Amino acid sequence: QVQLVESGGGLVQAGGSLRLSCAASGRTTSYYAMGWFRQAPGKEREFVGAIRWDGGNTYYADSVKGRFTISRDNAKNTMYLQMNSLKAEDTAVYYCAAAVGGYTRVVIAAEYDHWGQGTQVTVSS
């Protein structure tokens, strides 16, 4: 059974940094990709970034490109989201997700099979 557990959220001032972690359990060898999404109050869930579990290719939303970095530690079955130069508009609940099996359009939330419970990130201006 796949389980994803996020951690690392919190309150930070604008311009600061946070690192989120997503620990995965289960058959991670079957993962195609893992992704980060976020949802702010009153808004739809939006793509933040993703990483292919095999080759490690990464993908980012334009809004975070150059500020956020996704990485993974295969030995620990953990994905990270390093967030730098945070802005007030980055405030949201951040979710990690895993896509199992074949090709996945990584920017589309509906194509992910498993989700974590979310972690709150609040950036004060």
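Our structure is the block above this text.
Keep in mind the model is a prediction, meaning the values are calculated, not measured. (Residues numbered from 1 in each chain as written. Predicted model: local features only at pLDDT ≥ 70, side-chain atom pairs only at ≥ 80, totals over all residues. Heavy atoms only, no water.)

*Asks:* Outline the state of the cysteines, listing residues and values.
*Replies:* Taken as a whole, this structure holds 1 disulfide when the rule is applied. The partner cysteine of Cys22 in its disulfide is Cys96, sulfur to sulfur 2.1 Å. The sign of the 55 degrees torsion about the S-S bond sets the Cys22-Cys96 disulfide as right-handed. You can see Cys22 sitting in strand β3 (residues 18–25) and its partner Cys96 sitting in strand β9 (residues 92–100), a full 74 residues away along the chain. (Disulfide = S-S within 2.5 Å. Helix = DSSP H or I, 4+ residues; strand = E, 2+ residues; numbered from the N terminus.)

*Asks:* Let's hear about the nonpolar core: which residues, and what values?
*Replies:* Of all hydrophobic cores here, the largest spans 36 residues; its most connected members are Met34, Trp36, Met79, Leu81, Met83 and Tyr94. For this core, the elements supplying multiple residues, two or more each, are β3, β4 (31–39), β5 (46–52), β7 (68–73), β8 (78–83), β9 and β11 (119–124). Apart from the residues within four sequence positions on either side, Tyr94 is in contact with Glu6, Leu20, Phe37, Arg38, Val48, Phe68, Leu81, Met83, Gly118, Thr119 and Val121. (Core = buried A, V, L, I, M, F, W, Y, C linked by side-chain atoms within 4.5 Å. Buried < 20%, exposed > 50% of the residue type's maximum accessible area, 1.4 Å probe, protein only. Contact = heavy atoms within 4.5 Å.)

*Asks:* Got a sec to walk through the sheet that holds β3? Specific residues and values, please.
*Replies:* Strand order in the open sheet made by the 4 strands is β1-β3-β8-β7, with antiparallel pairing throughout. For this open sheet the edge positions go to β1 (3–7) and β7, each flanked by a neighbour on one side alone. On average, adjacent strands in this sheet sit at an angle of 15 degrees to one another, irrespective of strand direction. (Pairing = 2+ DSSP bridges. Axes fitted to C-alpha atoms, helices over the stretch in contact; angles between N-to-C directions.)

*Asks:* Describe in detail the side chain of Ser21, supporting the description with residues and values.
*Replies:* Among the structural elements, Ser21 can be located in strand β3. A relative accessible area of 16% places Ser21 in the buried class. The residues touching Ser21, leaving out its near neighbours within four places in the chain, are Val5, Glu6, Ser7, Trp36, Thr78, Met79 and Tyr80.

*Asks:* Let's hear about the pattern of salt bridges: which residues, and what values?
*Replies:* Counting across every chain of the model gives 6 salt bridges. For Glu111, the salt bridge identified is with Arg105, shortest N-O distance 2.3 Å. For Glu111, a relative accessible area of 23% corresponds to the partly exposed category. Beyond isolated ion pairs, a larger network of salt bridges with shared partners links Arg38, Glu46, Arg67 and Asp90. (Salt bridge = Lys/Arg side-chain N within 4 Å of Asp/Glu carboxyl O.)

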